[in-house]
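Working through the structure, step by step
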Amino acid sequence: MNNPSAEVKIKGKKMDRSLQQVNTILNLAKLTESDIKKDSHVLQFIPQILDSKQVKLLEVSKDTLEYINSGECLFIKGNEDAHVIICSNSNSFELKEAETSNSMLLMPSLLQGTLIEDTGSRTLKKQEVFGVYHTYYEMRLTRPKLQSLRNALAKYPYRGKNSEVIKEAVGQSFTELKVMIQASEEEIINQLQEMPAAKVRGKWRLLDVGFLFGWVSYLDSILREKKLSLEEVTLANIENWMGLYDTEDINAKCISLFMEVDGNSLRWKPEAVSQLFALYLLPELRAFDSKDFFTAWQQSMPVGVMTNEEHLNGVALVDYDSNPSLVKYLPEFELPEEINERLDILFRNRAKWTLQSITPYVQPLTDNNLNVAALLTKYARSSTINGVKYYSSKY
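The following paragraphs examine the structure supplied in this document. (Residues numbered from 1 in each chain as written. Predicted model: local features only at pLDDT ≥ 70, side-chain atom pairs only at ≥ 80, totals over all residues. Heavy atoms only, no water.)

**Regarding the overall build of the chain**
A count of helical and extended segments in the chain gives 13 helices and 20 strands. Taking 395 residues into account, the globule formula puts the C-alpha radius of gyration at 21 Å, and the chain, at 31 Å, lies well above it. Projecting the C-alpha coordinates of the chain onto the three principal axes gives extents of approximately 100 × 55 × 35 Å. Taking contacts inside the chain between residues at least 6 apart in sequence as the whole, the part at least 24 apart equals 65%. Accessible surface computed for the chain: about 23,600 Å², of which carbon and sulfur atoms make up 50%. Placing the 46 positive and 52 negative side-chain charges of the chain at their respective mean positions leaves the two points 5 Å apart. (Helix = DSSP H or I, 4+ residues; strand = E, 2+ residues; numbered from the N terminus. Rg over C-alpha atoms; globule rule 2.2 N^0.38 Å. Contact = heavy atoms within 4.5 Å. Areas by Shrake-Rupley, 256 points an atom, 1.4 Å probe, with all protein chains shown as cover. Lys, Arg positive; Asp, Glu negative; His and termini not counted. Charge placed at Lys NZ, Arg CZ, Asp CG, Glu CD.)

Structure representation (structure tokens):
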């Protein structure tokens, strides 16, 4: 159908825009009718144009657009103490406001040029404009804010079934965690699997260090009594013996935390067990004479587990500059998530760090763009002493 004119509203008045007028504008732009599609759109601004505070523009990648079109949702998460992030089911993104000198028009629909047929007569179509924008938001992949997950669960420590005095379930449901934690559902699930947390009567809780120490020590006492090593028993043996200590789900979590299971073959995870025992021994004093600590640390280990000073990385540090030398309680999960604040604490506790010793403290802050070395290059100063590279405060 040929539509030779369309109405245009200017300053509250309606006027007709004709094809002749459009062609005049084409000539001024040094274009001809053959340079454009058959349909021309005449813009009409609605009387109550939308304020930029009412509707925000978000630029998304092709993958994100496909994700949304498939029926999935994006979740905006934030509070007064944290920057807003946006999450899909599997990833977290930071939002960055961007400016453009061009005017972006918000319209309910608009056919792309490739979808307009080149056959038929020239027509004019009215196109309503709901808003004019010069800013929009970009989505940039970022690391999830997962420290708050541990902090939330730490309010409800689990100290064993015999310590449960409240009949009602306490803790956080997964639905509650998804709302409060600035991370995607998949990232939260992965972190719950890695950290010492378990679901008790439908609520997630943090397993107390004292409880975990008791669990490993209880199993070790059974093995000592039977004069067996962990490698000599089966998973069924462990499940049977520990059934008296706690529930099946809790025991399964402890096994995953501290044992390597290969079919029916078992062995302790030396680093995980060593770090657990260090966390149990250190908090009361915060600092421990290193000679006494290393002796007590090894003596407390299960049969067959040997301690190594490197196992303290991310849990404690050894201060050889003090007299006597001290082992100081410094777990990664108690440090701030902001990189400058974290490095400030680390460098106040130790002036120079090797890459190996500082990595457990910096690794949780890395993302797809910056690995540990890149973060340290950006926020710290490096130096080489006797062929060994060290990192220290930039200021």
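**Some points on the layout of surface pockets**
Approximately 1,600 Å³ is the volume attributed to the largest pocket. Forming the boundary of the largest pocket are 49 residues, of which Arg150, Gln191, Met195, Glu332 and Phe333 lie nearest the centre. Secondary-structure elements contributing two or more residues to the lining of the largest pocket are α3 (147-154), α5 (185-194), β12 (203-207), α6 (209-226), α8 (248-258) and α9 (270-281). Tallying contributions element by element places α9 first for the lining of the largest pocket, with six residues. Taken as a whole, the second largest pocket spans an internal volume of roughly 1,100 Å³. Around the second largest pocket, the lining comprises 33 residues; the ones closest to its centre are His83, Glu94, Thr142, Arg143 and Lys145. Contributions of two or more residues to the lining of the second largest pocket are made by β6 (82-87), β7 (92-106), β9 (131-142), α3, α11 (339-349) and α13 (372-379). Of the residues belonging to the lining of the second largest pocket, the class tally is 13 nonpolar, nine polar and eleven charged. (1 Å grid on protein atoms, 1.4 Å probe; cavity = no way out; pocket = protein on both sides within 12 Å on 5 of 7 lines; lining within 4 Å. Points joined across faces, edges and corners; volume = space filled by probe spheres on them. Nonpolar A, V, L, I, M, F, W, Y, C, P; charged D, E, K, R; others polar.)

**Here we look at the sheet that holds strand β18 (residues 353-354)**
The antiparallel open sheet is built from three strands, whose spatial order is β18-β20-β19. The strands lining the two open edges of the sheet, one partner per strand, are β18 and β19 (380-385). Lying on the sheet, α11 is in contact with β18, β19 and β20 (388-393); it crosses β20 at an angle near 115 degrees. α13 contacts β19 and β20 of the sheet and is inclined by roughly 105 degrees relative to β19. (Pairing = 2+ DSSP bridges. Axes fitted to C-alpha atoms, helices over the stretch in contact; angles between N-to-C directions.)

**Brief notes about the environment of Glu33**
Within the element layout of this structure, Glu33 appears in the loop between α1 (19-28) and β3 (39-45). A distance of 2.9 Å separates polar atoms of two side chains, one belonging to Glu33 and the other to Arg122. (Polar contact = N/O pair within 3.5 Å; in protein donor to acceptor, adjacent residues only side chain to side chain.)

**Points about the sheet that holds strand β16 (residues 316-319)**
Strand pairing in a sheet relies on backbone hydrogen bonds. The paired strands run either parallel or antiparallel. What the three strands build is an open sheet, ordered β15-β17-β16; its pairing is antiparallel. Across the chains shown, the open sheet's two edge strands, defined by having one partner strand only, are β15 (287-289) and β16. Strand-to-strand twist across the sheet, computed as the mean angle between neighbouring axes with direction ignored, equals 25 degrees. Relative to strand β17 (residues 326-329), β15 runs antiparallel, the two sharing three bridges. Bridge pairing in β17 places Phe288 opposite Val327.

**A short note on the side chain of Asp319**
Here Asp319 lies in strand β16. Overall, the relative accessible area of 14% leaves Asp319 in the buried class. Not counting residues up to four positions away in its chain, the partners in contact with Asp319 are Ser325, Leu326 and Lys328. (Buried < 20%, exposed > 50% of the residue type's maximum accessible area, 1.4 Å probe, protein only.)

**Things to note about the packing of helix α12 (residues 355-362) against α13**
Two elements in contact, α12 and α13, have axes whose closest approach is 10 Å; the angle formed by their N-to-C orientations is 95 degrees. The pairing of α12 with α13 is recorded here as roughly perpendicular in orientation. On α13, the residues touching Leu355, Ile358, Thr359 and Val362 of α12 are Val372, Leu375 and Leu376. Partitioning the contact of α12 with α13 into residue classes produces six nonpolar, one polar and no charged. (Parallel < 35°, antiparallel > 145°, perpendicular 65-115°, else oblique.)

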